[in-house]
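Overview (structure and organization)
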Amino acid sequence: KAGVTQTPRYLIKTRGQQVTLSCSPISGHRSVSWYQQTPGQGLQFLFEYFSETQRNKGNFPGRFSGRQFSNSRSEMNVSTLELGDSALYLCASSPRASGNEQFFGPGTRLTVL
Amino acid sequence: SQQGEEDPQALSIQEGENATMNCSYKTSINNLQWYRQNSGRGLVHLILIRSNEREKHSGRLRVTLDTSKKSSSLLITASRAADTASYFCATEYQKLVFGQGTRLTINP
């Protein structure tokens, strides 16, 4: 099976812009979770989607949003970008809800200038 | 905020030696997982230990869990240069919460 894919792999934006990141889970996986990784804060949970419904949400402002489509593909959107949003955004999929092993994609490296 | 705290933050050993990393957490968990990350890439799942388990093995990996002390350890035996990576513990209770990680360097 193909692994989790994320697009784009690298992205440069300026403050105030918005960005959409995409994640395609492993075939058959219904759960998709998103994480933000920065040197200062480490790996932080953003949200999880399961069967098109947001199941859980981390402590991020409303500028961070996501959705999941019927084919389990997921997107996350960040509006009004700030310098502090520069990070590696990781997507992970799992066959069931997030209590089990998660399979991570390579990440999208977002740089906000 | 991070649930897990890992110790040490960095570890450098010679190839062939054993490496031990520790993880402490604060609240109840369903399970605890260990992941490896190579240099800014995606994470790879290593092992999952449930809250009612005390020890688990997978190849050269041995994980212990002490729920009374809210701590876990990951032992990598007979280390190899390819084990050089960051290792993260993650506690699961409705969602995964990661520790800050241990940066492991294996010197040839």
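Refer to the preceding data block for the structure.
Since the model is a prediction, treat every value here as computed from it, not as a measurement.

Some words on the state of the cysteines
A complete count under the given rule lists 2 disulfides over all chains for this structure. One disulfide in the model links Cys23 of chain A with Cys91 of chain A; its S-S distance is 1.7 Å. Disulfide Cys23 of chain A-Cys91 of chain A: the torsion about the S-S bond is -50 degrees, which places it as left-handed. Taken as a pair, Cys23 of chain A in strand β3 (residues 19-24) and Cys91 of chain A in strand β9 (residues 87-94) lie far apart in primary sequence, 68 residues in all. Given a relative accessible area of 0%, Cys23 of chain A falls into the buried group. Disulfide pairing is shown between Cys23 of chain B and Cys89 of chain B; the S-S distance is 2.0 Å.

Comments concerning the environment of Ile13 of chain B
Residues and elements named next belong to chain B. Tracing the backbone shows Ile13 in strand β2 (residues 10-14). Taking relative accessible area as the criterion, Ile13 reaches 9% and is therefore assigned buried. Along the primary structure Ile13 and Thr84 are separated by 71 residues, whereas in three dimensions their C-alpha atoms are 9.9 Å apart. Setting aside residues no more than four positions away along its own chain, Ile13 makes contact with Asn18, Ala19, Ser79, Leu104, Thr105, Ile106 and Asn107.

Reading the values: the criteria
- Residues numbered from 1 in each chain as written.
- Chains lettered and ligands numbered in written order.
- Predicted model: local features only at pLDDT ≥ 70, side-chain atom pairs only at ≥ 80, totals over all residues.
- Heavy atoms only, no water.
- Disulfide = S-S within 2.5 Å.
- Helix = DSSP H or I, 4+ residues; strand = E, 2+ residues; numbered from the N terminus.
- Buried < 20%, exposed > 50% of the residue type's maximum accessible area, 1.4 Å probe, protein only.
- Contact = heavy atoms within 4.5 Å.

Purely geometric stuff here, so don't read any function into it on its own.
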